[in-house]
4 protein chains.
Amino acid sequence: MNKLKKQLHTIIFEADTKAGRWFDISLIAFILISIIIVMIESNPGLSPNTQKWLTLAEWSVTLLFSVEYLLRIWITVHPRRYIFSFFGIIDLLAILPAFIGLLLTGTQMLIVLRSLRLIRIFRVLKLTRYVKEASILWAALIAGRNKIGVFLFAVLILITILGTVMYIIENPVNAGFKSIPVSIYWAVVTLTTVGYGDIAPITTLGQLVAGMIMIIGYAIIAVPTGIVTSELAKEIRHTSVNTYVCPTCFKDGHDDEATFCKFCGTSLKD
Amino acid sequence: MNKLKKQLHTIIFEADTKAGRWFDISLIAFILISIIIVMIESNPGLSPNTQKWLTLAEWSVTLLFSVEYLLRIWITVHPRRYIFSFFGIIDLLAILPAFIGLLLTGTQMLIVLRSLRLIRIFRVLKLTRYVKEASILWAALIAGRNKIGVFLFAVLILITILGTVMYIIENPVNAGFKSIPVSIYWAVVTLTTVGYGDIAPITTLGQLVAGMIMIIGYAIIAVPTGIVTSELAKEIRHTSVNTYVCPTCFKDGHDDEATFCKFCGTSLKD
Amino acid sequence: MNKLKKQLHTIIFEADTKAGRWFDISLIAFILISIIIVMIESNPGLSPNTQKWLTLAEWSVTLLFSVEYLLRIWITVHPRRYIFSFFGIIDLLAILPAFIGLLLTGTQMLIVLRSLRLIRIFRVLKLTRYVKEASILWAALIAGRNKIGVFLFAVLILITILGTVMYIIENPVNAGFKSIPVSIYWAVVTLTTVGYGDIAPITTLGQLVAGMIMIIGYAIIAVPTGIVTSELAKEIRHTSVNTYVCPTCFKDGHDDEATFCKFCGTSLKD
Amino acid sequence: MNKLKKQLHTIIFEADTKAGRWFDISLIAFILISIIIVMIESNPGLSPNTQKWLTLAEWSVTLLFSVEYLLRIWITVHPRRYIFSFFGIIDLLAILPAFIGLLLTGTQMLIVLRSLRLIRIFRVLKLTRYVKEASILWAALIAGRNKIGVFLFAVLILITILGTVMYIIENPVNAGFKSIPVSIYWAVVTLTTVGYGDIAPITTLGQLVAGMIMIIGYAIIAVPTGIVTSELAKEIRHTSVNTYVCPTCFKDGHDDEATFCKFCGTSLKD
């Protein structure tokens with residue numbers, strides 16, 4: 001029994017063996033299949049026959065994921081820790097929709113739960129060479145989170161004030177700016193340069209103010225980019241220069257490929 | 001009396017005590033409530049009953065803010081300095097609309113004054129750990145303000161010329177480009193990549209020129225980002241210089257690699 | 001005569017005296033007035049009376065600019081060099097439209113010439129503290145011009161191929177993609193994230209390919225920003241670190257504020 | 001025969017002689033002509049006469065390209081290596097469409113093949129001074145490809161989940177969000193800030209969620225820019241290391257501040 005557990009652990013939790021890699025690839029395949037099923041189901045006007053086949057396919061995937069979930073609980077050394085871990089919860093959410101759908105009907109929200117299955121792909125990718133890259137990106141976002149937070153907060157207040165101003169300018173004439181929340185929605189659409197055009201200023205003053213808002217947005221959009229770039233540059237620099245200090249002149253900042261101190265010529269590899 | 005003043009000062013102007021923190025949180029809550037009232041009021045077709053309740057709520061918030069304003073004047077050591085400070089004026093603007101609304105009717109502009117209340121949130125946030133982050137962002141924008149100014153000025157001239165060119169190309173055929181100011185508005189919408197689509201070129205020449213404008217805008221949009229990123233990187237680097245103070249001249253701001261004080265030449269490594 | 005010339009030279013070509021500054025400010029005012037006249041004239045449905053006044057105002061500005069142009073030729077030491085300089089040509093273009101308009105009628109293109117007057121503002125700004133900032137921006141763009149050129153060239157080829165692909169996908173069904181040039185225009189509008197929406201894919205395959213194009217554009221839009229930022233960061237670094245070499249240890253990279261070498265402590269100001 | 005071959009090699013494969021440069025320029029001209037033919041042909045409602053001339057022009061260009069292709073095979077020392085090289089395949093694809101069009105009719109896909117001719121321009125540009133710039137850009141993209149890949153992957157999953165959420169919110173009310181794939185298409189259009197406006201949220205909740213998606217996209221769009229900028233800055237810095245070669249180990253790539261070779265410790269300043 002213990003040996004079977006060990007073997008299954010290698011297959012399910014690791015990716016170094018051939019079987020482990022096959023398990024990962026087929027897991028990704030089933031996740032993608034389940035997502036494609038959700039997408040097809042959402043199309044209006046499917047024949048009852050197609051719907052029957054889709055329901056069958058959905059149940060097959062759910063059963064497979066259920067078996068996998070139970071196996072994971074059974075195999076792992078700390079079942080409780082697994083169940084309440086981030087991926088443990090995602091794994092559970094991935095199989096819940098179908099079972100809940102048996103009890104309740106017409107619950108549209110279940111579709112979102114089913115689309116959360118995509119997050120499971122990250123579990124498999126955790127085992128690849130992308131981890132380092134992702135962790136650098138993540139570290140940069142974490143390092144810049146306070147600055148981005150302050151920035152987004154200021155943008156939210158700016159958007160509220162600008163939306164209110166545009167509501168007052170456009171409201172009686174332009175049916176699009178029908179209330180302040182809608183005007184704020186317009187301000188978000190404009191300042192982020194998305195610009196649907198479903199609501200657009202038509203008065204001369206409104207177009208003037210909107211033009212000014214866009215040019216302000218022009219300068220503002222640079223700020224998050226600046227934050228992320230600065231932090232990312234710092235992260236990348238940190239990971240590409242080692243922290244080794246020369247034993248003779250005590251200077252650091254040497255490249256990873258350096259064998260001798262570039263300042264005093266002492267060997268760094270002794 | 002003096003003791004009460006001191007206690008109130010701790011509550012209203014500081015955030016280190018439990019009471020002070022509660023005061024800040026309830027202030028934010030009331031600011032948000034007052035903003036939500038403005039938003040609901042702007043919706044067309046409210047029942048008279050709802051409007052009555054909203055007016056009542058608005059007056060309650062205004063009275064609370066008035067009491068707070070008077071308290072601040074009474075408590076502070078330099079009342080005049082407070083009244084004419086940035087936040088003193090914002091605090092006054094936050095309570096004015098309701099009182100002006102008593103005298104005048106149909107004054108839509110008061111809604112903007114009421115939305116300015118949001119700025120008051122910054123007063124509370126001044127006391128948090130976000131100050132340092134905000135000051136770095138602000139320093140970067142200030143350091144880059146001349147460059148951004150020069151850039152925006154050049155963009156304004158470019159937009160005027162491009163708008164005029166498109167007016168000449170599209171005007172007789174396309175009803176959207178009905179005058180030069182409207183064409184300049186279109187140029188702003190296009191160059192900032194907002195792109196509503198309420199005005200769009202329809203002649204072949206117009207689409208060709210518009211395409212060229214977009215590709216120019218593609219290169220141009222990079223400039224403000226470049227400015228902010230460079231300045232921000234510099235600011236972040238400056239904050240990464242060590243905090244070591246020279247033992248002789250007591251100046252700081254030394255690079256990590258510095259061995260001697262750059263101001264007086266004293267050794268920093270002893 | 002010579003004395004008058006000298007005095008006028010100080011007023012017209014320099015900005016250090018009070019008279020010179022007044023001349024510059026009134027020049028900017030007249031340039032802006034002439035631009036506003038062009039904008040008002042472009043509005044459809046002006047009364048004949050308004051048009052008469054506008055024509056009068058335009059002629060007044062033109063005569064003022066003509067007098068200024070002739071004065072400049074008379075005053076300057078090298079008239080020919082001035083006439084064929086960049087600003088000499090712009091100055092001439094600024095007064096030509098009205099005179100050409102006398103000979104020819106219905107020449108819409110003259111409006112563009114008149115809008116070129118805005119460029120004259122740069123002549124005045126040349127004399128201000130923005131020169132250094134503008135020259136840094138300009139140097140960064142010049143340093144990056146080959147990279148930006150290579151990038152824009154690759155984008156143009158990509159746009160042509162993507163436009164052709166979308167034409168084949170959408171053409172029979174979607175009236176918007178009526179020819180390859182129009183499809184290429186759509187590709188420009190999409191890849192630059194302007195997104196008017198006057199032409200949009202409606203077939204499933206078209207929307208899939210369009211989505212892929214947008215996500216490609218997402219990564220591509222980063223390139224010009226990256227180029228400008230890198231070059232700008234280099235320019236800013238160059239201008240903020242002096243090139244002074246320490247006379248004792250021969251190291252450079254000292255801050256402008258440094259009085260002593262940060263590596264060996266030698267005085268830098270001797 | 002061998003001498004003729006050598007002479008042709010200089011003309012076709014090199015660009016240093018006058019004849020070689022003329023060959024390159026006329027090649028670019030013919031490529032552009034062939035692209036313009038494709039564009040004109042795509043316009044609906046051409047007269048039969050025009051179509052006849054266009055077919056003739058297309059065949060002339062195809063024959064010229066065929067002769068050039070055969071010459072290249074004949075001249076080159078390793079014909080097989082040329083045929084299966086990237087540009088060999090592009091050269092073949094450039095002449096195939098016309099010949100395939102003889103056998104099959106109504107094959108629209110051939111137009112794409114014909115637009116691929118544009119890629120041939122890169123062959124000529126390979127010989128210019130833009131190579132270095134392009135290789136820096138390319139190196140930066142290659143260095144950042146894993147980070148960009150991780151980022152795009154996360155964006156794809158985010159888009160799928162957001163599209164599903166918006167489908168559930170908007171679907172019964174808004175005809176635009178008719179299925180999950182279409183909603184995902186909307187999420188791509190929104191997150192990349194293209195914003196056509198062909199599909200736009202109309203419910204209050206939908207507009208709220210859409211606004212949040214846009215503000216998220218605001219922060220997210222900064223990431224690819226940050227990646228490219230950081231990598232590009234590193235590439236540019238690498239090319240700014242001096243070209244000094246160590247006299248002992250003959251390795252280069254030393255920093256400007258280096259006094260000793262970082263590979264073998266030899267002094268670089270003697």
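Worth saying up front: this structure is predicted, and the values here are computed from it rather than measured.

Chemist: Got a sec to walk through the overall build of chain A? Specific residues and values, please.
Modeler: Check the secondary structure of chain A and you find 12 helices and 0 strands. Element order for chain A, N to C, with α for helix and β for strand: α-α-α-α-α-α-α-α-α-α-α-α. Relative to its full complement of 270 residues, chain A shows a buried share of 47%. Restricting the contact set of chain A to residue pairs at least 6 apart, pairs at least 24 apart contribute 55%. Just so you have it, chain A exposes about 13300 Å², and 69% of that area is on carbon and sulfur atoms.

Chemist: Account for unusual backbone geometry, naming residues and giving values.
Modeler: Residues and elements named next belong to chain C. Positive phi is not limited to glycine here, since T193 has a value of about 60°. Positionally, T193 belongs in the loop between α10 (180-191) and α11 (204-220). Of the residues examined, T193 reaches a relative accessible area of 7% and is grouped as buried.

Chemist: Tell me about the packing of helix α9 (residues 145-170) of chain A against helix α11 (residues 204-220) of chain D, and name the residues and values.
Modeler: At their nearest, the axes of α9 of chain A and α11 of chain D sit 12 Å apart, and the two run at 140° to each other. It follows from the interaxial angle that α9 of chain A and α11 of chain D lie oblique. In the packing of α9 of chain A onto α11 of chain D, the handedness of the crossing is right-handed. Together, I148, F151, L152, V155, L156 and I159 of chain A of α9 of chain A and I215, Y218 and A219 of chain D of α11 of chain D make up the contact between the two elements. In terms of residue class, the contact of α9 of chain A with α11 of chain D is made up of 9 nonpolar, no polar and no charged.

Chemist: Provide a residue-level description of the pattern of salt bridges, including the pertinent values.
Modeler: Counting across every chain of the model gives 12 salt bridges over all chains. Of the charged contacts in the structure, one is a salt bridge between D91 of chain B and R72 of chain B, with a shortest N-O distance of 3.9 Å. Of this pair, D91 of chain B sits in helix α5 (residues 86-103) while R72 of chain B sits in helix α3 (residues 48-75), and the two are 19 residues apart along the sequence. Both residues of the pair, D91 of chain B and R72 of chain B, belong to the buried class. Residues joined in a network through salt bridges with shared partners are E68, R72 and D91 of chain A.

Chemist: Could you give me a rundown of the domain arrangement of chain A, with the residues and numbers involved?
Modeler: Here chain A is partitioned into domain 1 (3-130) and domain 2 (143-237). Using only C-alpha atoms to locate each centre, domain 1 of chain A and domain 2 of chain A end up separated by 39 Å.

Chemist: I'd love a proper account of the nonpolar core, names of residues and values included.
Modeler: With 229 residues, the main nonpolar core has W186 of chain A, W186 of chain B, W186 of chain C together with W186 of chain D as its most contacted residues. The residues touching W186 of chain B, leaving out its near neighbours within four places in the chain, are M166, F177, I199, A200, P201, A210 and I213 of chain B together with Y196 of chain C. One finds L8, L54, Y82 and L110 of chain D within the second-largest nonpolar core, a separate group that totals 24 residues.

Chemist: Any details on the packing of α10 of chain C against α11 of chain C? Residues and values, ideally.
Modeler: Residues and elements named next belong to chain C. The geometry of α10 relative to α11 is characterised by a closest axis approach of 9 Å and an angle of 50° between their N-to-C directions. One element, α10, and the other, α11, form an angle in the oblique class. Each of W186, T190 and L191 in α10 lies in contact with α11, whose residues at this interface are A210, I213, M214 and G217. Residues that form the contact of α10 with α11 fall into these classes: 5 nonpolar, 2 polar and no charged.

Chemist: Explain empty space enclosed by the protein to me, using residue names and the numbers behind them.
Modeler: The full count for this structure, using the stated rule, is 3 cavities of 30 Å³ or more. Approximately 200 Å³ is the volume attributed to the largest cavity. Along the walls of the largest cavity sit T193, I221 and T225 of chain A, T193, I221 and T225 of chain B, T193, I221 and T225 of chain C together with T193, I221 and T225 of chain D, which together make up its complete lining. For the lining of the largest cavity, the residue count by class is 4 nonpolar, 8 polar and no charged. The space that makes up the second largest cavity amounts to roughly 40 Å³. T190, L191, T193, M214, G217 and Y218 of chain C together with T192 and V194 of chain D are the residues that line the second largest cavity. Put simply, the parts of the chain that give the lining of the second largest cavity at least two residues each are α10 and α11 of chain C. Broken down by element, the lining of the second largest cavity gets its largest block of residues, 3 residues, from α11 of chain C. The residue makeup of the lining of the second largest cavity, split by class, is 4 nonpolar, 4 polar and no charged.

Chemist: Could you give an account of the packing of aromatic side chains, naming the residues involved and the relevant values?
Modeler: Summed over all chains, the structure comprises 13 aromatic pairs over all chains. Measuring from ring centre to ring centre gives 5.2 Å for F86 of chain B and F87 of chain B, while their planes differ by 75°; the resulting arrangement is edge-to-face. The exposure class assigned to F86 of chain B is exposed, which follows from its relative accessible area of 54%. For F87 of chain B, a relative accessible area of 14% gives the class buried. Between W59 of chain D and F99 of chain D, the ring centres sit 5.5 Å apart and the planes meet at 80°, which makes this aromatic pair edge-to-face. Remark: F99 of chain D occurs in helix α5 (residues 86-103) and W59 of chain D occurs in helix α3 (residues 48-75); sequence separation between them is 40 residues. Owing to a relative accessible area of 24%, W59 of chain D belongs among the partly exposed residues under this scheme. Residue F99 of chain D is classed as partly exposed on the basis of its relative accessible area, which comes to 33%.

Chemist: Please give an account of a nonpolar patch on the surface that cites residues and values.
Modeler: All names here are of chain A. A surface patch of nonpolar side chains, amounting to about 440 Å² of accessible area, comprises L63, F99, L102 and L103. With 3 residues, helix α5 (residues 86-103) is the largest single contributor of residues to the nonpolar patch. Relative to the helices and strands, L103 is located in helix α5.

Chemist: Please set out the environment of T192 of chain B residue by residue, giving values where relevant.
Modeler: Summarising the element assignment, T192 of chain B is placed in the loop between α10 (180-191) and α11 (204-220). What makes T192 of chain B buried here is its relative accessible area of 3%. Once the C-alpha coordinates of T192 of chain B and I221 of chain B are considered, the two residues, 29 residues apart in sequence, prove to be 7.4 Å apart. In contact with T192 of chain B, not counting residues within four places along its chain, are T193, M214 and Y218 of chain A together with I221 of chain B.

Chemist: Outline the environment of T193 of chain D, listing residues and values.
Modeler: For T193 of chain D and V112 of chain D, which are 81 residues apart along the polypeptide, the C-alpha to C-alpha distance reads 28 Å. Excluding its chain neighbours within four sequence positions, the residues that come into contact with T193 of chain D are T192, T193 and V194 of chain A, T193 of chain B, T193 of chain C together with I221 of chain D.

Chemist: So what about the side chain of S179 of chain B? Which residues, and what values?
Modeler: In this structure, S179 of chain B sits in the loop between α9 (145-170) and α10. Under the relative-accessibility criterion, S179 of chain B is labelled buried at 3%. Here S179 of chain B is in contact with Y167 of chain B together with S42, N43 and P44 of chain C, once residues within four sequence places are set aside.

Chemist: An account of the environment of I142 of chain A is needed here, citing residue identities and associated values.
Modeler: For I142 of chain A, the position within the fold is in helix α8 (residues 130-143). In the structure, I142 of chain A is positioned 79 residues away from I221 of chain A in sequence and 19 Å away in space, judged by C-alpha atoms.

Chemist: How would you summarise the confidence of the model for chain A if you had to cite specific residues and measurements?
Modeler: All names here are of chain A. Predicted confidence across chain A gives a mean pLDDT of 80, with 82% of residues reaching 70 or more. For chain A, the element scoring lowest by mean pLDDT is helix α7 (residues 120-125), at 72; helix α10 (residues 180-191) scores highest, at 91. Across the assembled chains, the prediction reports ipTM 0.79 with pTM 0.82.

Cut-offs and rules
- Residues numbered from 1 in each chain as written.
- Chains lettered and ligands numbered in written order.
- Predicted model: local features only at pLDDT ≥ 70, side-chain atom pairs only at ≥ 80, totals over all residues.
- Heavy atoms only, no water.
- Helix = DSSP H or I, 4+ residues; strand = E, 2+ residues; numbered from the N terminus.
- Buried < 20%, exposed > 50% of the residue type's maximum accessible area, 1.4 Å probe, protein only.
- Contact = heavy atoms within 4.5 Å.
- Areas by Shrake-Rupley, 256 points an atom, 1.4 Å probe, with all protein chains shown as cover.
- Axes fitted to C-alpha atoms, helices over the stretch in contact; angles between N-to-C directions.
- Parallel < 35°, antiparallel > 145°, perpendicular 65-115°, else oblique.
- Left-handed = near helix turned anticlockwise from the far one by under 90°.
- Nonpolar A, V, L, I, M, F, W, Y, C, P; charged D, E, K, R; others polar.
- Salt bridge = Lys/Arg side-chain N within 4 Å of Asp/Glu carboxyl O.
- Domains from an automatic or database assignment.
- Core = buried A, V, L, I, M, F, W, Y, C linked by side-chain atoms within 4.5 Å.
- 1 Å grid on protein atoms, 1.4 Å probe; cavity = no way out; pocket = protein on both sides within 12 Å on 5 of 7 lines; lining within 4 Å.
- Points joined across faces, edges and corners; volume = space filled by probe spheres on them.
- Phe/Tyr/Trp six-rings, centres within 6.5 Å; stacked < 30°, edge-to-face > 60°.
- Patch = residues over 30% accessible without salt bridge, like charges linked within 9 Å, V, L, I, M, F, W, Y side chains within 5 Å.
- pLDDT = per-residue confidence, 0-100.

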